[in-house]
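Below, each chain spelled out in residue letters.
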Amino acid sequence: MSGAFATAMDALERSGETPAGFCRPFLDVLPVSGASVSTVGELLGSETLSASDELAARLDELQFDLGEGPCWDAMATGRPVLEPDVRGRPLAAWPAFSAAIIHADISSIFAFPLAVGPLRMGAVDLYSIAPVELDRRQARQADAMAAVVGRHVLRQALNAVEHDGDDTGNAYSRRLIHQATGVVLAQLDLSADDARLVIQGYAFAASQSMKEVAQDILDGRLNFSRHNGGIEASE
Amino acid sequence: MTELTREDRLLQTFASLADTLVDDYDVVDLLQMLVDTCSDLLDTTAAGILLADATGTLDVVASTSEAGRLVEMMQLSAEAGPCVESFVTGRVVSVPDIGESPEEWSLFRESALAQGFASVHAVPLRLRETTIGTLNLLRDTVGELDPQDQTAARAFADVATIGILHERSIRETALLAEQLQGALNSRIVIEQAKGVVAHTHGVPIDEAFALIRTYARSHRLGISQVAARIVDRSLTLDT
């Protein structure tokens, strides 16, 4: 049980540079038929990074085109979306998406947010041909796995755009960034690496330099907090 | 009760520095002790030690005050000012009147003058031909540093160099770079720890450093060690 989960987490941790490896671990741990990892929304745009099969890829594409569906909801709420009986109970929330998949060979669909701290950038979508439910432990495991994928995705995206990280700043601004990293890791109970990633991602999203964001954090103008299980930024 | 002369106190300081170097020690602690001694015993208002990373960029590792403005001013000096001049040339750079310093140093000059500093004395930290950083002494009066203080500053710079490099015989440049990076990395963790404590204790960043330092002292631990435990959340300072 937990052995498979631990192995899957390891595999995900190591798959940092290769999105192709993102899906398999979900299939190894959970009773689902297919998985896909996509970014959606403004932060990183809408794109499927990895899909275990054609149908998984098509489900994501449909959601991009229609602008609705479980991955959008997971992204918007920052919480998992669990729909074990997607055909029997077409959700009023997704009229177009539900209609589009009515003939597809799918019974259940689940989505887990890709997020780092307060930054939400997409979702892991899972589907099952046979009707299936995820129990609480499985949902927690999927959420934890999606969190690992979320860090990889954000890190890669930031590397790709070469957003001004610490290289453009001088030593003094780096010092501020280290201090702000300490504040954020205490606010959100994250590792120092993740806290720094939150600052970097936030700076990217807000089109600010890391130094500016760090200064706002140190001056108390920007606060991150855990709130009802989710994470929020308040200015 | 006998009044200790400055010479007595200098001697005591060097004796305790020598003790420190024999044992296991925290390099940031040692450098902090050095800059504090400079401002206590020499005719100096503030002092700071900067080290170069692998790319040659100088970074503050210890300063008498953690006040942001002082640190920032030293960083400006490390970009264009006596600090980088001393680092690049490997020589002592004395600026008896900051107001008269070169135009290229204007950012440093304005920041220093605004904080009430009038003169600066920068001493390279040198190991044979390699310069690894600088010791900077700032004063609120114009003029050269007194010759005895200059000699003492030189000796402090040498102790700092030895302290950073731990081992007496470092022949490999790679190892040298590694040890320098080690000292700079502990500084990163200290900055992060300051952020954690500032948040958990609701105090300004400068005060956070004082809390960490006090804890380290009273528990006979190194600052870097305490900082690392604060950052990995295995230690919470009492409020």
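Residues numbered from 1 in each chain as written. Chains lettered and ligands numbered in written order. Predicted model: local features only at pLDDT ≥ 70, side-chain atom pairs only at ≥ 80, totals over all residues.

With respect to the overall build of chain A
Summing up its helical and strand segments, chain A has 9 helices and 7 strands in all. Rg of the C-alpha trace for chain A: 18 Å, near the compact-globule value of 18 Å for 235 residues, within the 12% margin. Here the C-alpha coordinates of chain A stretch approximately 60 × 40 × 30 Å along the principal axes. Residues classed as buried in chain A amount to 49% of the 235 residues present. (Helix = DSSP H or I, 4+ residues; strand = E, 2+ residues; numbered from the N terminus. Rg over C-alpha atoms; globule rule 2.2 N^0.38 Å. Buried ≥ 20, exposed ≤ 12 C-beta atoms within 10 Å, placed from the backbone.)

Comments concerning helix H6 (residues 147-165) of chain B
Here H6(B) contains 19 residues, and its C-alpha end-to-end distance of 27 Å stays within 8% of the 27 Å for a straight helix at 1.5 Å per residue. Every buried residue belonging to H6(B) is among B:Asp149, B:Ala152, B:Ala153, B:Phe156, B:Ala157, B:Val159, B:Ala160, B:Gly163, B:Ile164 and B:Leu165, and all of these are buried. (Expected span 1.5 Å × (residues − 1).)

Points about the domain arrangement of chain A
Residue and element names in this part refer to chain A. The domains assigned to chain A are domain 1 (2-160) and domain 2 (164-234). Between the C-alpha centres of domain 1 and domain 2 the distance comes to 27 Å. Domain 1 puts 10 residues into the contact, and the matching count from domain 2 is 15 residues. In terms of residue class, the side of domain 1 that touches domain 2 is made up of 6 nonpolar, 2 polar and 2 charged. (Domains from an automatic or database assignment. Contact = placed C-beta atoms within 7 Å. Nonpolar A, V, L, I, M, F, W, Y, C, P; charged D, E, K, R; others polar.)

Describing the interface of chain A and chain B
Contacts between chain A and chain B engage 15 residues on the former and 21 residues on the latter. Considering every element that reaches the side of chain A that touches chain B, the biggest residue donor is helix H7 (residues 171-188) of chain A, with 12 residues. Across the side of chain A that touches chain B, the residue classes break down as 8 nonpolar, 6 polar and 1 charged.

Overview of the domain arrangement of chain B
Residue and element names in this part refer to chain B. You can read the domains of chain B as domain 1 (6-166) and domain 2 (171-239). Computed over C-alpha atoms only, the centres of domain 1 and domain 2 are separated by 21 Å. With 18 residues of domain 1 at the interface, the matching set in domain 2 holds 16 residues. If one sorts the elements of the side of domain 1 that touches domain 2 by residue count, helix H2 (residues 27-41) sits on top with 4 residues. Among the residues making up the side of domain 1 that touches domain 2, the classes are represented as 10 nonpolar, 3 polar and 5 charged.

Quick look at the sheet that holds strand S4 (residues 119-127) of chain B
All names here are of chain B. The strand order across the open sheet built from 5 strands is S2-S1-S5-S4-S3, with neighbouring strands paired in antiparallel fashion. Edge positions in the sheet fall to strand S2 (58-63) and strand S3 (93-95), since each of these pairs with one other strand and no more. The mean inter-strand angle of the sheet, taken between neighbouring strand axes irrespective of direction, is 20 degrees. The pairing of S4 with strand S5 (residues 130-139) spans 9 bridges and is antiparallel. By the bridge assignment, Arg126 is partnered in S5 with Thr131. The sheet contacts of H2 involve strand S1 (46-52), S2 and S5, and relative to S1 the element is tilted by about 145 degrees. (Pairing = 2+ DSSP bridges. Axes fitted to C-alpha atoms, helices over the stretch in contact; angles between N-to-C directions.)

Considering the nonpolar core
Within soluble globular proteins, side chains that are nonpolar tend to cluster in buried spots. Core analysis: the biggest nonpolar cluster contains 147 residues, and A:Val124, A:Ile199 and B:Ile212 have the highest contact counts within it. In contact with A:Val124, not counting residues within four places along its chain, are A:Phe26, A:Ala35, A:Val37, A:Ala111, A:Phe112, A:Leu114, A:Ala146 and A:Val149. (Core = buried A, V, L, I, M, F, W, Y, C linked by C-beta atoms within 7 Å.)

Section: the environment of B:Gly202
Residue and element names in this part refer to chain B. Within the element layout of this structure, Gly202 appears in the loop between helix H7 (173-201) and helix H8 (205-218). Under the C-beta neighbour-count criterion, Gly202 is labelled exposed, with 11 such atoms within 10 Å. It is 37 Å that separates the C-alpha atoms of Gly202 and Val123, two residues lying 79 residues apart in sequence.

Comments concerning unusual backbone geometry
Phi is positive for B:Arg128, close to 45 degrees, though the residue is something other than glycine. Position of B:Arg128 relative to the elements: it lies in the loop between S4 and S5.

Some points on the confidence of the model for chain B
Residue and element names in this part refer to chain B. The pLDDT averaged across chain B works out to 87; a share of 93% of its residues lies at or above 70. The least confident element of chain B, judged by mean pLDDT, is helix H1 (residues 6-22) at 80; the most confident is S3 at 95. Every residue in residues 167-171 scores below 50 in pLDDT, and together they form 3 contacts with partners more than four places removed in sequence or on other chains. Two summary scores accompany this predicted model of the complex, namely pTM at 0.72 and ipTM at 0.73. (pLDDT = per-residue confidence, 0-100.)

Describing the pairing of S1(B)
All names here are of chain B. Summarising burial for S1: 7 of the 7 residues are buried, a large majority. Burial along S1 is two-sided: Ala46, Gly48, Leu50 and Ala52 facing one way and Ala47, Ile49 and Leu51 facing the other are all buried. Two strands pair when backbone bridges link them, and S1 and S2 are joined in this way by 5 bridges, in the antiparallel orientation. Paired with Ile49 across the two strands is Ala62, which belongs to S2. From the end of S1 to the start of S2, which pair antiparallel, there are 5 residues, and Gly56 there has a positive phi angle of about 85 degrees.

Section: helix H3 (residues 68-79) of chain B
Taking 1.5 Å of rise per residue, 12 residues should cover 16 Å, and H3(B) covers 17 Å from first to last C-alpha, within 8% of that figure. With 9 of its 12 residues buried, H3(B) lies for the most part within the structure. Where H3(B) is buried, its residues contact H7 of chain A together with S1, S2, helix H4 (82-89), helix H5 (106-114) and S5 of chain B.

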